[in-house]
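Examining the three-dimensional arrangement
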Amino acid sequence: MSDLTANTGVYPIDLWGLAITVVLVAVSAGLSWIMRLGVERRMLWATVRSLAQLLAMGYVIKYVILWNNPWICFALIAVMILAAIQITLTRASNIPKGLAPQVLLTLAVCVVLQISVVIELIVRPHPWYAPAVLVTMTGMLLGNVVAATAVAMSRFFSDMKARRYEVEMMLALGATPFEAAKPSISASVKMGMIPTISQLASSGIVLIPGMMAGQVIAGADPIMAGKYQFVVLAVISALTLIADSLIMILVYRTSFTDRDQYRADL
């Protein structure tokens with residue numbers, strides 16, 4: 001252990017710290033109310049919900065780590081995936097019903113890739129199912145993939161509606177459904193990737209991401225924390241692109257009939 005790591009203190013957050021944080025949010029919400037910005041209720045509700053969910057998940061992960069059972073780990077991941085499906089479909093706007101199977105397949109593929117490549121080939125924890133690594137990294141991945149997938153689907157279906165006559169003309173001239181939908185697919189994937197790529201590009205100069213900051217505050221070696229953060233950001237970027245591309249491949253056909261006609265009723 002380096003001297004830097006040995007001399008770094010651990011700074012726990014007590015109830016007073018949480019209370020001060022909530023007060024700060026309340027003050028900013030009050031400013032929103034005074035300026036008639038209209039975001040104070042959503043901000044307060046999101047803060048309370050976030051606090052409750054994070055503390056609840058903290059307790060769950062604590063006991064999952066203590067039990068140290070792979071079946072419990074994967075059961076928790078399955079629950080997280082099911083919740084991620086619901087959140088994705090809720091966040092995505094103006095999308096047709098019945099896309100849950102496509103979203104499930106997309107999220108499942110990303111989680112399998114993350115576990116098999118990132119956790120088992122890069123991090124290589126002991127045991128291989130170490131809950132502290134498996135559950136937390138899966139949560140970070142799902143959070144980013146859910147946001148990007150919801151944005152991509154929303155953009156795709158809205159773009160297809162805006163391009164309706166162009167799509168119908170392309171189909172009439174002999175284009176396949178994929179060829180007609182390709183401009184919307186490309187625009188949607190790019191839109192979904194903007195936050196992820198921006199975070200990856202700005203990390204280390206403008207931004208010290210949460211995982212690295214948390215590890216350093218908790219006493220970890222800053223160099224090792226930087227390595228972990230790079231792996232997480234790079235993998236999330238790669239898997240987000242895979243997720244956006246896969247969900248587009250799975251859902252674009254819903255904009256067309258069995259006779260390759262554009263469905264204007266969506």
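1. Describing the overall build of the protein chain
Within the protein chain one finds 10 helices and zero strands. In sequence order, the protein chain lays out its α and β elements as α-α-α-α-α-α-α-α-α-α. Overall size of the protein chain, expressed as C-alpha extent along the three principal axes, is 70 × 55 × 35 Å. With an accessible surface of roughly 15900 Å², the protein chain has 69% of that area assigned to carbon and sulfur atoms.

2. A short note on the layout of surface pockets
Of the pockets and cavities examined, the largest pocket occupies roughly 1400 Å³. If you trace the largest pocket, you find 34 residues lining it, with Ser50, Gln53, Leu54, Met57 and Ile87 closest to the centre. Where the lining of the largest pocket is concerned, the elements lending two or more residues are α3 (40-67), α4 (70-91) and α6 (131-162). The element that contributes the greatest number of residues to the lining of the largest pocket is α3, accounting for 15 residues.

3. Examining the pattern of salt bridges
Tallying each qualifying case throughout the model produces four salt bridges. For glutamate 166, the salt bridge goes to arginine 163, with nearest N and O atoms at 3.2 Å. What makes glutamate 166 partly exposed here is its relative accessible area of 36%. Between aspartate 260 and arginine 253 there is a salt bridge, with the nearest N and O atoms lying 3.0 Å from each other.

4. Let's talk about the nonpolar core
With 56 residues, the main nonpolar core has Leu107, Met137, Met153, Phe156, Met248 and Phe256 as its most contacted residues. Of all the secondary-structure elements, those providing two or more residues to this core are α3, α4, α5 (100-123), α6, α7 (164-172), α8 (177-202) and α10 (222-251). The greatest single-element share of this core, amounting to 14 residues, is contributed by α6. Among all residues touching phenylalanine 156, those that are not within four sequence positions of it are Ala181, Ser184, Ile185, Ser188, Met248, Val251, Tyr252 and Ser255.

5. A look at the packing of helix α9 (residues 210-217) against α10
Running from amino to carboxyl end, α9 crosses α10 at an angle of 155°, the nearest separation of the two axes being 8 Å. Comparing their axes, α10 and α9 come out roughly antiparallel. Seen along the crossing, α9 lies across α10 with a hand that is right-handed. Residues Gly210, Met211, Met212, Gln215 and Val216 of α9 form the contact with α10, whose own contacting residues are Pro222, Met224, Ala225, Gly226, Tyr228, Gln229 and Val232. Across the contact of α9 with α10, the residue classes tally to eight nonpolar, four polar and no charged.

6. Digging into α4
With 22 residues, α4 extends 31 Å between its outermost C-alpha atoms, agreeing within 8% with the 32 Å of an ideal straight helix rising 1.5 Å per residue. For α4, the set of buried residues is Cys73, Leu76, Ile77, Met80, Ile81, Ala84, Ile85 and Thr88. The inward-facing, buried residues of α4 contact α3, α5 and α6.

7. A word on the confidence of the model for the protein chain
With 96% of its residues at a pLDDT of at least 70, the protein chain reaches an overall mean of 88. Low pLDDT (under 50) marks residues 1-6, which in the prediction has five contacts with non-local residues, meaning those over four places away or in another chain.

8. With respect to the packing of aromatic side chains
With the rule as written, the count across this model stands at six aromatic pairs. Here the aromatic rings of tryptophan 128 and tyrosine 129 are separated by 5.4 Å at their centres, their planes lie at 85°, and the arrangement is edge-to-face. Residue class for tyrosine 129 comes out buried when judged on its relative accessible area of 14%. Arranged with centres 5.6 Å apart and planes meeting at 75°, the rings of phenylalanine 178 and tyrosine 252 form a pair that is edge-to-face. Of this pair, phenylalanine 178 sits in helix α8 while tyrosine 252 sits in the segment after α10, placing them 74 residues apart in sequence. According to the relative accessible area criterion, phenylalanine 178 is partly exposed, its value standing at 36%. Look at tyrosine 252 and you get buried, because its relative accessible area is 13%.

Definitions and limits used
All residue numbers refer to positions counted from 1 along the written sequence of the respective chain. With pLDDT at 70 or above as the cut-off, local features in this predicted model cover only qualifying residues; side-chain atom pairs require 80 or more to be listed or tallied, and sums for whole chains, interfaces and linings still use all residues. Hydrogens and water are ignored here; the side-chain numbers use all heavy atoms of the structure. Helix numbering and strand numbering both begin at the N terminus, where a helix is a DSSP run of H or I of at least 4 residues and a strand a DSSP run of E of at least 2. Calculation of accessible area relied on Shrake-Rupley with a 1.4 Å probe; when residues are assessed, cover is drawn exclusively from the protein chains displayed. Only protein atoms enter the calculation, which uses a 1 Å grid: trapped sets of points that fit a 1.4 Å probe without letting it out are cavities, open sets showing protein on both sides within 12 Å along at least five of seven lines are pockets, and any residue with an atom within 4 Å of a point is a lining residue. Grid points are joined across faces, edges and corners, and a volume is the space filled by probe spheres set on the points. We define a salt bridge as a contact between a side-chain nitrogen of Lys or Arg and a carboxyl oxygen of Asp or Glu at a distance within 4 Å. Under the scheme applied here, a residue whose accessible area is under 20% of the maximum for its type counts as buried, over 50% as exposed, and between as partly exposed, the area being computed with a 1.4 Å probe on protein chains only. Within this scheme, the nonpolar core is defined by two criteria: the residues are buried Ala, Val, Leu, Ile, Met, Phe, Trp, Tyr or Cys, and they are joined through side-chain atoms within 4.5 Å. Whether two residues are in contact is decided by their heavy atoms, any of which lying within 4.5 Å being enough. Helix axes are fitted only over the stretch in contact, all axes being lines through C-alpha atoms; the angle between N-to-C directions runs from 0 to 180 degrees. An angle below 35 degrees is read as roughly parallel, one above 145 as roughly antiparallel, one from 65 to 115 as roughly perpendicular, and any other as oblique. Take the far helix as your reference; a near helix turned counterclockwise from it by less than a right angle gives a left-handed crossing, and one turned clockwise gives a right-handed crossing. Three classes are used: nonpolar for Ala, Val, Leu, Ile, Met, Phe, Trp, Tyr, Cys and Pro, charged for Asp, Glu, Lys and Arg, and polar for all others, with Gly counted as polar. Expected span, for any helix, means 1.5 Å times one less than how many residues it has. Scored from 0 to 100, pLDDT records how confident the predictor is in each individual residue. Geometry of aromatic contacts follows a simple scheme: Phe, Tyr and Trp rings, the Trp one being its six-membered ring, pair when their centres are within 6.5 Å, and the pair is stacked under 30 degrees between planes, edge-to-face over 60, tilted otherwise.

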